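Structural features, examined
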Amino acid sequence: MTESRASVRGKKQLRFVKEVDCNQGFSSSTYSPVHCGSAECSQAPRPPFKSCSTCLSRAQPGCNNNTYSLTADNTVICFITNAELARDVVSARSTDGSRAGQAVSVLGFVFSCSYSFLLEGLANGVKGMARLGRTRTSLPSQFSASFSFAWKFAICLSPSSSSSGVAFFGDGPYMMLLGIDVSESLSYTSLITTPVSNVPGHVANPSLDYYIELKSIKVNRNPVPLNSSLLVIDKEGYGGTKISTGDPYTVLETSIYRAVVGAFTKELSQVPRVAPIKPFESCFDSRNIFSTRAGPAVPTIDLVFPSMDRKRIWYWRIFGANSMVQVKEGVLCLGLVDGGLNPLTPVVIGGINWRTICCSLI
């Protein structure tokens, strides 16, 4: 049995899997590889993401003959390899949204069985990466099908490595400390569906990512001049904004990056700059930055979106706790990365901006 932890709402709550390390400490009597031509293969991502593979050593989890092999990736170190598609039992803790309930299981949970080196660069103790995208084998899809609740989930990421975040699958309430139901205070914008893959050269495949309609960016509530055409997805799939927990930092197309960073550093001109530390370019002497309940006292960054009914706008306001990275003692860097010229997606909102907030996807 492969263990998970998180939360499945209504019936359930859960810590997850997409690619699982099958090399170290993996032992399961219920593991079975997914063979070529099976029903699970038709549900997995389309080519070029999968192929039929042969094992050249003894049969074991992750290495079997006539099994489907998927492309598995580590977005932190930008590494890609192949991984065997498999099924096993996943246990999870249920919840009513406020209290932990009994343990529940998903039989025949589909995942990819990968190698220890694919976890390089991830947090200590991590045994896999979760797939939350628009596939029939993602966590939301499999939990929704197994427990008959709405295809909906919420993620609340922790700002610290010493504390855990939480993920809820299914409808709210999403109760936090002090009895606060965060589902009642969420603002919503529409998810954009695009038939174009996020992999250049494979536009026939639908996108597996979540795109949202970013309209503008503000720094300290002042609009940042941008080429607005970059925020619109064209017929070839270029442009737009996606949200991604797989990218640790927010990545911006070069002209957007320079405009936002320029506005930010101008507002913070009273703080001495220090030498850049990769992958960041804008770093500051943190001894000259006060600390507040919302993190370092730096300019706010507002991401501006239309509301679901398109009658209003709402702001994803990013305070210092979600924009600054302490790379070493005395140095804080703005957690934005230059994505270069002509990237497929000009704005990728990475995990750093999700810290201390809750995001619900429907």
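A short tour of the structure in this document, coming up. Here the structure is a predicted model, which is why all the values come from computation and not from measurement. (Residues numbered from 1 in each chain as written. Predicted model: local features only at pLDDT ≥ 70, side-chain atom pairs only at ≥ 80, totals over all residues. Heavy atoms only, no water.)

**Section: the environment of A263**
Mapped onto the elements of the fold, A263 is located in helix α3 (residues 254–267). With a relative accessible area of 24%, A263 lands in the partly exposed category. In this structure A263 touches V219 and V224, once residues within four positions along its chain are discounted. (Helix = DSSP H or I, 4+ residues; strand = E, 2+ residues; numbered from the N terminus. Buried < 20%, exposed > 50% of the residue type's maximum accessible area, 1.4 Å probe, protein only. Contact = heavy atoms within 4.5 Å.)

**Some points on the pairing of strand β8 (residues 100–114)**
Of the strand pairs in this sheet, strand β7 (residues 79–95) and β8 are connected by ten bridges, and their pairing is antiparallel. Along β8, the bridge assignment pairs L85 with S112. Hairpin connection between β7 and β8: a loop of four residues separates the two successive antiparallel strands, and G97 in this loop has a positive phi of roughly 105°. (Pairing = 2+ DSSP bridges.)

**Quick word on the pairing of strand β22 (residues 301–306)**
Where burial is concerned, most of β22 is hidden: six out of the six residues are buried. On β22, burial covers both faces: I301, L303 and F305 on one face and D302, V304 and P306 on the other are all buried. Bridging between strand β14 (residues 216–219) and β22 involves four bridges; their strand directions are antiparallel. When the sheet's bridge partners are listed, I217 is paired in β22 with L303. In this structure, β22 lies alongside strand β23 (residues 313–318), joined through six bridges in antiparallel fashion. Pairing of P306 across the sheet is with I313, part of β23. Where β22 hands over to β23, the hairpin turn is made up of six residues, of which R310 adopts a positive phi near 60°.

**Some details on the state of the cysteines**
With the rule as written, the count across this model stands at two disulfides. A sulfur-sulfur distance of 1.6 Å marks the disulfide that ties C55 to C63. As the torsion about the S-S bond is roughly 90°, the C55-C63 disulfide counts as right-handed. By relative accessible area, C55 is classed as buried at 11%. Exposure remark for C63: the relative accessible area of 17% places this residue in the buried category. Covalently, C283 is tied to C333 through a disulfide, its sulfur atoms 2.0 Å apart. In this structure the cystine formed by C283 and C333 twists about its S-S bond by roughly 100°; its chirality is therefore right-handed. One end of the pair, C283, is in strand β19 (residues 283–285); the other, C333, is in strand β25 (residues 331–334), with 50 residues separating them in the sequence. Take C283 and C333: they sit in the same class, and that class is buried. (Disulfide = S-S within 2.5 Å.)

**A few points about unusual backbone geometry**
Cis geometry marks the peptide bond from K278 to P279, where omega comes out at 5°. Structurally, the position occupied by P279 is in the loop between β18 (273–274) and β19. Not every positive phi belongs to a glycine, and N220 is a case in point at roughly 55°. Looking at the secondary structure, you find N220 in the loop between β14 and β15 (222–223). Residue classification places N220 among the partly exposed positions, given a relative accessible area of 31%. Notably, R310 is not glycine yet its phi reads approximately 60°, a positive angle. For R310, the position within the fold is in the loop between β22 and β23. Take R310: its relative accessible area is 51%, and that puts it in the exposed class.

**Quick look at the sheet that holds strand β16 (residues 241–243)**
The mixed open sheet is built from six strands, whose spatial order is β12-β13-β16-β27-β17-β26. For this open sheet the edge positions go to β12 (191–192) and β26 (336–338), each flanked by a neighbour on one side alone. Bridge analysis of strand β17 (residues 250–252) against β26 gives three bridges, and the strand direction is parallel. Residue pairing across strands places T250 opposite L336, the latter belonging to β26. Packed on one face of the sheet, α3 meets β17, β26 and β27 (347–349) and runs near 140° to β26. (Axes fitted to C-alpha atoms, helices over the stretch in contact; angles between N-to-C directions.)

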